[in-house]
Amino acid sequence: MYRTAVVATVLLATVQAIDIGDRMNRTYTEYVPLPITVAEATAQGWEPVNTVCVPGLGYPFYLKTESYNTTILYFGKSGQVAGMSADVFGSAPPQRLVDAGYWIKVSEQQYRLYLAYRNPSEVCELVHSNHTIGDRIVINPMGVNRSLPLTLAAATKEGWFKGSCFYGMGTHWFFDLEGHPNMTWKAENLMPIVVMYNNDDVIHATFFSSWTVQQSLLHSVDWEPIPLPNALMCKNTCAADCTFAGTHFWSTYHVYYRDLALATCDGGCTSACCA
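Computed from a predicted model, the values in this text were never measured in an experiment.

Turning our eyes to something else, we now look at the state of the cysteines. Considering all chains together, one arrives at 4 disulfides under this definition. Each sulfur in the disulfide pair cysteine 53 and cysteine 124 lies 1.9 Å from the other. Because the torsion about its S-S bond is -90°, the bridge between cysteine 53 and cysteine 124 counts as left-handed. Residue cysteine 53 is found in the loop between β3 (46-48) and β4 (59-63), and its partner cysteine 124 is found in the loop between β8 (110-116) and β9 (138-139); the two are separated by 71 residues along the sequence. Classification of cysteine 53 as buried rests on a relative accessible area of 14%. Bridging cysteine 238 to cysteine 273, the disulfide has an S-S length of 2.1 Å. Residues cysteine 238 and cysteine 273 are joined through a disulfide that is left-handed, its torsion about the S-S bond being -110°. Taken as a pair, cysteine 238 in the loop between α5 (230-235) and β16 (249-256) and cysteine 273 in the segment after β16 lie far apart in primary sequence, 35 residues in all.

Here you go:
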């Protein structure tokens, strides 16, 4: 049983008044711009999945040119981006994460994790926001409904675990659903969204993590180009005792919400465990 009772009322659907960014770029080393308005999406070849507004998320769009889609973007009735989701294909994510509502089963061997960026009461209404991307990041509003901390201070208070700093990403913070603020180093206990903060100690990027490898020899379908063996995933944590028992490889999918230059590391360090 996850040790959530003490923090549940604080972490579920808690909203912090902050703009989460002014852009969306995906995939480490590639930094592919994602459209943040319906007009941009249409111009780039994205099409509506259907005409139904998903509660708390908006109207879903997918990129038709992909052979199959990892990413769905959601737009409010205002035309502004309101959320996104990433799919994993193949064997199921850890059952604990499915049962807890982090990964939602879409079909056989397909699971989805949603991120919502705006007030759920507004996305299906014609309400224009001053926030370019949104003012919150909520995992699966129809499932676990868990808000991510948008500031370093909030992450520290909630018991997140500090990891490494990378130029352009910022400092990684992880959450262990069983052992927070410490890590159990069991893969099934790792929250499947990792957050990163920049020099201003505000949210800079997030990444989806999957222990079902999503890359093939020819295509990574929005995920990072190569999967990470545990040894490299552990480099993100700066912890000598890191193991992530239960898996050997990870697929990761970064989304950046701000200018890369806003996330630098101490002493001119560009990656890994900067002092």
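Each regular strand carries side chains that alternate between the two faces of the sheet. Here strand β11 (residues 161-166) runs beside strand β12 (residues 170-174); their pairing, made up of 4 bridges, is antiparallel. Each bridged residue has a counterpart across the sheet, and for phenylalanine 161 the counterpart in β12 is phenylalanine 174. Count of turn residues in the β11/β12 antiparallel hairpin: 3 residues, of which glycine 168 carries a positive phi of about 85°.

With that out of the way, let us pick up the pairing of β4. Pairing of β3 with β4, which is carried by 3 bridges, proceeds in the antiparallel orientation. Paired with tryptophan 46 across the two strands is leucine 63, which belongs to β4. Note that β4 and strand β5 (residues 71-75) share 3 bridges and pair antiparallel. By the bridge assignment for β5, proline 60 is matched with tyrosine 74.

The rules we used
- Residues numbered from 1 in each chain as written.
- Predicted model: local features only at pLDDT ≥ 70, side-chain atom pairs only at ≥ 80, totals over all residues.
- Heavy atoms only, no water.
- Disulfide = S-S within 2.5 Å.
- Helix = DSSP H or I, 4+ residues; strand = E, 2+ residues; numbered from the N terminus.
- Buried < 20%, exposed > 50% of the residue type's maximum accessible area, 1.4 Å probe, protein only.
- Pairing = 2+ DSSP bridges.

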